[in-house]
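Letter by letter, the chains look like this.
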Amino acid sequence: MTSSNHSPDINNQAAKLLEDPSFSIVDREEFVRLAGVVIANTNDIVVITDIPIDDQEPRIVYVNEAFVRETGYAPHEVLGKNPRMLQGPRSDPETKNRIFKALGEWKHIREEILNYRKNGEEFWQELNIFPIANESGWFTHWVSIQRDITERKVSEKIIFETKNRLELAARAGGVGIWEYDFFNNRLVWDGQMLKLYGITRDQFTGTYADWAERLHRDDRESAESAITKALEGASEFNTQFRTIWPDGSIHFIRGLALVERDADNKPLRMVGTNWEITELVQAKTDAESALNIKTQFLMNMSHEIRTPMTGIIGLSALALYEPLSPVVREYLQGIESSAKLLLEIVNDILDFSKLEADKAHINTAPFTIEDLFTRVRALFLESAKAKGLQLNLICNLEPKTQLIGDFFNLSLVVNNLVGNAIKFTEQGSVDLSIQTLKLENSTLTLRFTVKDSGIGISQEAQQKVLEPFAQADGSISRRFGGTGLGLTIGNRILELMGSKLNIHSIEGQGSSFSFDLVLVQERRK
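Please read these numbers as outputs of a predicted model, since none were measured by experiment. In this numbering scheme, every chain counts its residues from 1 along its sequence in written order. The model is predicted, so local features are restricted to residues of pLDDT at least 70 and side-chain atom pairs to those at 80 or more, both for listing and for counting; the totals for chains, interfaces and linings are taken over all residues. The side-chain numbers reported here are obtained from all heavy atoms of the structure, hydrogens and water having been left aside.

1. What to know about the packing of aromatic side chains
Let me state the cut-off plainly: Aromatic rings from Phe, Tyr and Trp, taking only the six-membered ring of Trp, are treated as a pair when their centres fall within 6.5 Å; an angle between ring planes under 30 degrees marks them as stacked, one over 60 as edge-to-face, and anything in between as tilted. Secondary structure is summarised from DSSP: a helix means a run of H or I of at least four residues, a strand means a run of E of at least two, and numbering begins at the N terminus for each. Burial status follows relative accessibility: with a 1.4 Å probe on protein chains alone, a residue under 20% of its type maximum counts as buried, one over 50% as exposed, and anything between as partly exposed. Lysine and arginine charges are scored as sitting over a ring when NZ or CZ, respectively, is within 6 Å of the ring centre and within 35 degrees of the ring normal.
Enumeration according to the criterion identifies eleven aromatic pairs in this entry. Taking the centre distance of 5.7 Å and the plane angle of 0° together, the rings of Trp-106 and Trp-142 count as stacked. Residue Trp-106 is located in the loop between helix H5 (93-104) and strand E3 (109-116), and its partner Trp-142 is located in strand E5 (residues 139-148); the two are separated by 36 residues in the primary sequence. For the pair formed by Trp-106 and Trp-142, the shared burial category is buried. Grouping aromatic residues by their ring pairs yields a cluster made of Tyr-180, Phe-182, Tyr-208, Trp-211 and Phe-241. Across from the ring centre of Phe-123, 4.3 Å away, lies the NZ or CZ of Arg-117, which sits over that ring. Over the ring of Trp-124 we find Lys-153, and its NZ or CZ is 4.4 Å from the ring centre.

2. Structural notes on the nonpolar core
Generally speaking, a soluble globular protein has its nonpolar side chains buried in company with each other. What counts, and what does not: Joining through side-chain atoms within 4.5 Å is the link that ties buried Ala, Val, Leu, Ile, Met, Phe, Trp, Tyr and Cys residues into a set, and such a set is a nonpolar core. Contacts are assigned to residue pairs that have any heavy atoms within 4.5 Å of one another.
Within the largest apolar cluster, 40 residues are counted, with the highest numbers of intra-cluster contacts made by Leu-410, Val-414, Leu-446, Phe-448 and Phe-515. Breaking this core down by element, the ones donating at least two residues are helix H12 (369-386), helix H13 (407-423), strand E14 (429-440), strand E15 (443-452), helix H16 (486-496) and strand E17 (510-521). Residue contributions to this core peak at nine residues, all from H13. Setting aside residues no more than four positions away along its own chain, Val-414 makes contact with Leu-372, Val-376, Leu-432, Phe-448 and Phe-515. Membership of the second largest hydrophobic core comes to 23 residues, among which are Phe-182, Trp-211, Ala-212 and Ala-226.

3. Examining the side chain of Thr-425
The line we're drawing: The definition of a polar contact used here is a pair of N or O atoms within 3.5 Å, where within protein one atom must be able to donate a hydrogen and the other to accept one, and adjacent residues in sequence count solely through side-chain atom pairs.
Relative to the assigned elements, Thr-425 resides in the loop between H13 and E14. At 2.5 Å, the side chain of Thr-425 forms a polar contact with the backbone oxygen of Ala-421. Once you skip the residues sitting within four places of it in the chain, Thr-425 turns out to touch Lys-387, Leu-389, Val-430, Asp-452, Ser-453 and Gly-454.

4. Re the pairing of strand E6 (residues 175-181)
Using the following cut-off: One bridge is not enough; two strands pair if DSSP finds at least two bridges between them.
The pairing of E6 with strand E10 (residues 267-276) spans seven bridges and is antiparallel. By the bridge assignment, Tyr-180 is partnered in E10 with Met-270.

5. Focus on the packing of H12 against H13
Two measures define how a pair of helices packs: the angle their axes make with one another and the distance between the axes. As a reminder, the rule being used: To obtain each axis, a line is fitted to C-alpha atoms, and for helices this fit is confined to the stretch in contact; angles are then taken between N-to-C directions over 0 to 180 degrees. Here is the rule for angles: anything less than 35 degrees is roughly parallel, anything more than 145 is roughly antiparallel, 65 through 115 is roughly perpendicular, and the remaining ranges are oblique. Two helices cross in a left-handed way if the nearer one is turned anticlockwise from the farther one by less than a right angle. They cross in a right-handed way if the turn is clockwise. Side-chain classes follow a simple rule in which Ala, Val, Leu, Ile, Met, Phe, Trp, Tyr, Cys and Pro form the nonpolar group, Asp, Glu, Lys and Arg form the charged group, and the remainder, Gly included, forms the polar group.
Running from N to C, H12 and H13 cross one another at 25°; their axes reach a closest spacing of 10 Å. Considered as vectors, H12 and H13 are oriented roughly parallel to each other. Crossing angle aside, the handedness with which H12 passes H13 is right-handed. Every residue of H13 that contacts H12 at Asp-371, Leu-372, Arg-375, Val-376, Leu-379, Phe-380, Ser-383 and Ala-384 is listed here: Phe-407, Leu-410, Ser-411, Val-414, Asn-415, Val-418, Gly-419 and Ile-422. Of the residues belonging to the contact of H12 with H13, the class tally is ten nonpolar, four polar and two charged.

6. What about a nonpolar patch on the surface?
Stated precisely, the cut-off is as follows: Each patch groups residues whose relative accessible area exceeds 30% and which form no salt bridge, using 9 Å between like charges and 5 Å between nonpolar side chains of Val, Leu, Ile, Met, Phe, Trp and Tyr. Residue exposure ignores everything except the shown protein chains as possible cover, and the areas themselves are Shrake-Rupley values with a 1.4 Å probe. By salt bridge we mean one thing: a side-chain nitrogen of Lys or Arg within 4 Å of a carboxyl oxygen of Asp or Glu.
A cluster of nonpolar side chains, namely Leu-315, Leu-318 and Tyr-321, defines an oily patch on the protein surface of about 420 Å² accessible area. Relative to the assigned elements, Tyr-321 resides in the loop between helix H10 (278-319) and helix H11 (326-356). Residue Tyr-321 is classed as exposed on the basis of its relative accessible area of 72%.

7. Looking at the confidence of the model for the chain
Selection criterion: Values of pLDDT, ranging from 0 to 100, describe the predictor's confidence in every residue of the model.
Scored by pLDDT, the chain has a mean of 82; 83% of the residues are at 70 or more. No element of the chain has a lower mean pLDDT than helix H15 (residues 474-480), which averages 46, and none a higher one than E3, which averages 94. Low pLDDT, under 50, characterises residues 472-482; the stretch is placed with 19 contacts to residues that sit more than four places away or in other chains.

Spelled out as structure tokens, the structure:
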């Protein structure tokens, strides 16, 4: 030891502790007995070592029950040994040097060190080491109070590693992290946030106003409203806004945040993220523009084709009324049939283009089930008869009941389903049934079902028949014709009307397509 191991103050402090009635009212002998019991039974490890008068190393002269329990050593295995026996290959050398230096200077020291149990298992300890003097003031022993902090150190390591991973992920993803303290009006940004707003650390004052003033003037109100609603608990902060950089450039930002609240549900702070979506927004705009151009082209071309095609169909029909040779009549019937098929394809493409461009709208007006049945008969009765099929129209509602809904789009869906059913059915029947599911006041829920005894659809194919241009089998289009758009169009129209198409089919036995629709029953005056 380099310094003197004498301290008269230590003796005075110990005597004062024993004699001061504010600490104890028992005599010295009883105090020592009680202290011994406490030391022996405390949950913290207590190790006492002597201070040799020569160059020998300090020896352990006392360990309590907690030491035995925590380290796995029996008292006889450690008494007389140096405390360094608990250290091992991963005990930090710098920490050991600081402890050795403090001991050499007779100083009180607190340290955290990785030690080893008897079985070689590592565990972390918080050491509180101080010297003890005799009545003459000479240091005679070191007392080390040790607490197991392994769980805390493991938790700290997990938190540290998680924080590092999150920061790495945030940097890799270009995500900025921010925190806003409401009471102190203190806004904390990490380095990535500064990059997202095009500024340096010295340009950021750390206030709410500093953020708000950097928003595009057309987005500031909505962004601040989103924060207000999040604070009120009305909604989460999940919004998009534009920022203006000091160089005048405009950048799109996506913001997401959580509000931390106290026990009374009052907001304390917000913690959130920002990331730039400028390229994503531009890509979306470009894609929408390209889609609009494509859709407009298809719509224009469809209109251009429909006009002469309608003329061909009309003139073919008129020509068929004239006296014709069998060969010419067959040619004209072929022309009329092909023209109708082509017109059907053009109509499907036009309807699909409108849906893709979001130009399809729901328009409500009064109609009756009888109106729907009349249209279905007019369009499909002859074609069903031509194939020897029975077309059945069934409804448990009075057919002349006045309803309010989108008759045009409802007819389009039903016509697609009935037309498909007749196309893919060679024998048997096609049934259109309308069933009342629920009536509340004037609100009526109806189930529309189109059932056939046709070729059916395999379970695998049912997963894709609602996709654009998809058919159950590649041979279907060659055998029956069509674009594969009918079910797609029908389902998308139903989605606009708040419904969806349900499919039940067994290959080789037939198919059933159904949807539920909420309509208003018009009150009779």
